[in-house]
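Survey of secondary and tertiary structure
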Amino acid sequence: MFGVKKVLDEKTALDDSNPPSFIEGKEDAVFGKVDENGPNFRDLGEWGALVLMTKSNLGLGVLALPTVFSTLGIVPGIICIVVVQSIIAYCSIIIGSFKIRHPEVYGLPDAGGVVFGRIGREFLYLVYCILLVFITASALVGLSTALNAVSAHGTCTAVFIAVAAIAGFLVGSLRTLGKVSWIGWAGIVSIVASIVTLTVGVGVQERPPLPAPQEGPWDKDLKIFGNPTFAQAMSAINIIVFSYGSTPIYFGIVSEMKEPRKYARMMVVSIKFITVLYLVIGSVVYFYCGQYIAQPALGSAGVVLKKVCYGIAIPGLLASLTIFVHVSGKNMFVRILAGSKHLQSNSVTHWATWLGCTGAATVGGYIIASAIPIFGSLISLIGAIICPLVCIIPYTLMWWHDHWRYVPVGERKGRRVFVAVINAVFFVVGVFLMAGGTYGAVVDLVNTTAVNGPWTCADNSGSV
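My aim in this report is to walk through the structure given alongside it, one point at a time. In this text, all values refer to a predicted model and were calculated from it rather than measured experimentally.

Definitions and cut-offs
- Residue indices follow the written sequence of each chain, beginning from 1 at its first position.
- The predicted nature of this model means local features are confined to residues of pLDDT at least 70 and side-chain atom pairs, given and counted, to a pLDDT of 80 or more, with totals for whole chains, interfaces and linings taken over all residues.
- Excluding hydrogens and water, the side-chain figures rest on all heavy atoms present in the structure.
- Salt bridges are counted wherever a side-chain nitrogen of Lys or Arg sits within 4 Å of a carboxyl oxygen of Asp or Glu.
- Elements are defined by DSSP. Helices are runs of H or I of four residues or more, strands are runs of E of two residues or more, and each kind is numbered from the N terminus.
- Residue exposure (1.4 Å probe, protein chains only): buried if accessible area is under 20% of the type maximum, exposed if over 50%, otherwise partly exposed.
- By convention in this document, the label disulfide applies to cysteine sulfur atom pairs within 2.5 Å.
- Note on aromatic pairs: the rings of Phe, Tyr and Trp (six-membered ring only in Trp) are paired at centre separations within 6.5 Å, and the planes decide the class, stacked below 30 degrees, edge-to-face beyond 60, tilted for the rest.

1. Notes on the pattern of salt bridges
Counted according to the given criterion, the structure contains 9 salt bridges. Here glutamate 46 makes a salt bridge to lysine 262, at a shortest N to O gap of 3.1 Å. Here glutamate 46 is found in helix H2 (residues 46-57), whereas its partner lysine 262 is found in the loop between helix H9 (250-255) and helix H10 (263-289), with 216 residues between them in sequence. A salt bridge links arginine 265 to glutamate 46, with the nearest nitrogen and oxygen atoms 2.7 Å apart. Within this pair, whereas arginine 265 is found in helix H10, its partner glutamate 46 is found in helix H2, the two being separated by 219 residues in sequence. Given the relative accessible area of 18%, glutamate 46 is considered buried. One continuous salt-bridge network, built from bridges that share partners, spans Glu46, Glu259, Lys262 and Arg265.

2. Here we look at the state of the cysteines
Per the counting criterion, the structure on display carries 1 disulfide. Between the sulfur atoms of cysteine 156 and its disulfide mate cysteine 457 the distance is 2.0 Å. The S-S bond linking cysteine 156 to cysteine 457 shows a torsion near -95°; that makes this disulfide left-handed. Highlighted residues: cysteine 156 in the loop between helix H5 (108-150) and helix H6 (157-172) and cysteine 457 in the segment after helix H15 (413-446), separated in sequence by 301 residues.

3. Examining the packing of aromatic side chains
If you walk through the whole model with that rule in mind, you get 14 aromatic pairs. When the centroid spacing of 5.8 Å and the interplanar angle of 80° are considered together, the rings of phenylalanine 31 and tyrosine 106 count as edge-to-face. On the criterion of sequence distance, the pair formed by phenylalanine 31 in the loop between strand S2 (27-28) and strand S3 (32-33) and tyrosine 106 in the loop between helix H4 (74-101) and H5 is long-range, its members being 75 residues apart. Summarising the burial analysis for this pair, phenylalanine 31 and tyrosine 106 share the class buried. For the pair phenylalanine 333 and tryptophan 354, a centre-to-centre distance of 5.3 Å together with 75° between the ring planes defines the contact as edge-to-face. You can see phenylalanine 333 sitting in helix H11 (residues 303-337) and its partner tryptophan 354 sitting in helix H12 (residues 348-371), a full 21 residues away along the chain. The burial state of phenylalanine 333 is the same as that of tryptophan 354; both residues are buried.

And the structure:
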């Protein structure tokens with residue numbers, strides 16, 4: 001029960017349940033016996049894990065951060081990014097330690113089951129599925145935008161979304177994250193090259209393209225401290241939180257690592273790299289463009305560089321889509337075949353279930369991406385409601401479960417109380433972000449007018 005404390009031999013939990021390095025042919029608590037007769041779901045190396053963690057959160061969404069600075073001001077914007085990054089990093093560390101203590105856990109819903117029983121498991125499974133289908137849809141929209149930009153709107157946007165969905169399904173159906181990680185490497189190089197090219201482009205141009213004045217003086221309206229309304233401020237902070245929205249995917253990553261103990265180190269490197277990139281790219285683009293940041297932001301350097309940047313970004317956008325389709329499919333796949341011999345085999349049932357799951361994940365994302373005219377505002381609302389629920393709040397309760405509800409042997413009381421206070425603060429922050437962000441997103445949604453209908457042919461890459 002919730003009020004009962006139990007002594008847990010932490011050394012035994014860490015040493016016996018999950019060995020430092022997985023050995024092929026042994027039993028895994030999630031996948032069963034991993035051997036040559038089926039896919040090796042424990043073949044993800046530490047560097048592959050680093051790439052997947054980084055690429056799952058790093059996309060063209062980084063270019064929404066100049067808007068954060070425009071709303072909040074450069075100083076509050078930087079402070080908010082650092083604060084959110086610190087909270088996310090702490091929660092991500094808990095993912096690794098919780099997985100090691102509870103090796104039977106594959107994803108966030110399983111962790112909810114450990115802490116709160118079946119109700120917690122089913123609730124988090126529903127919430128996590130909603131997040132996955134929307135970030136898959138967002139990846140489809142991003143790739144269709146790039147195809148539109150590079151081809152100068154060569155065909156109907158609905159066709160580009162369908163092409164992106166087919167590509168995502170084909171590549172995302174690779175069965176292990178170890179194989180997907182190789183696509184992640186290309187994706188990171190692609191995205192970083194694209195946003196660096198844009199940053200250099202806005203730095204060397206005389207002024208941004210329209211709607212900035214093309215002759216005479218022009219005012220960037222740079223803000224050290226902004227003066228937003230509460231709704232505007234929360235919407236801006238919501239952008240930051242959503243930029244780390246793939247954090248719960250880390251459960252699946254650590255579950256497939258050869259050496260789960262190396263997860264924490266790789267995760268810290270990943271989040272530090274992402275945060276530095278967010279701060280540098282966001283502040284530099286904002287400094288040179290000010291209030292005239294294009295939407296989408298890759299249009300801020302003019303027509304030619306817009307095509308160049310989107311062209312460079314296509315492999316990175318496909319890599320993001322691949323990861324989201326794969327993780328979405330794996331989330332269903334592991335649940336359906338858990339405890340079955342077909343989970344770790346090459347049987348017809350295995351393949352039919354796996355392809356059915358990745359297909360369902362792709363179709364779900366495709367429908368959301370194509371059928372909702374106000375997709376941008378809706379995903380802001382979903383992000384505001386769900387991201388704190390899956391990126392911050394549960395991990396404070398996981399710590400409570402492992403360190404307060406069940407007390408590890410040898411853990412000092414003073415330290416435990418101090419960390420408990422930190423977790424309580426982060427829990428309250430998560431609830432505040434969810435409530436305030438939802439309010440800001442609803443205000444934005446009410447003020448949004450649908451320009452195009454579902455399955456539109458209109459160009460979604462913007463015009464400059």
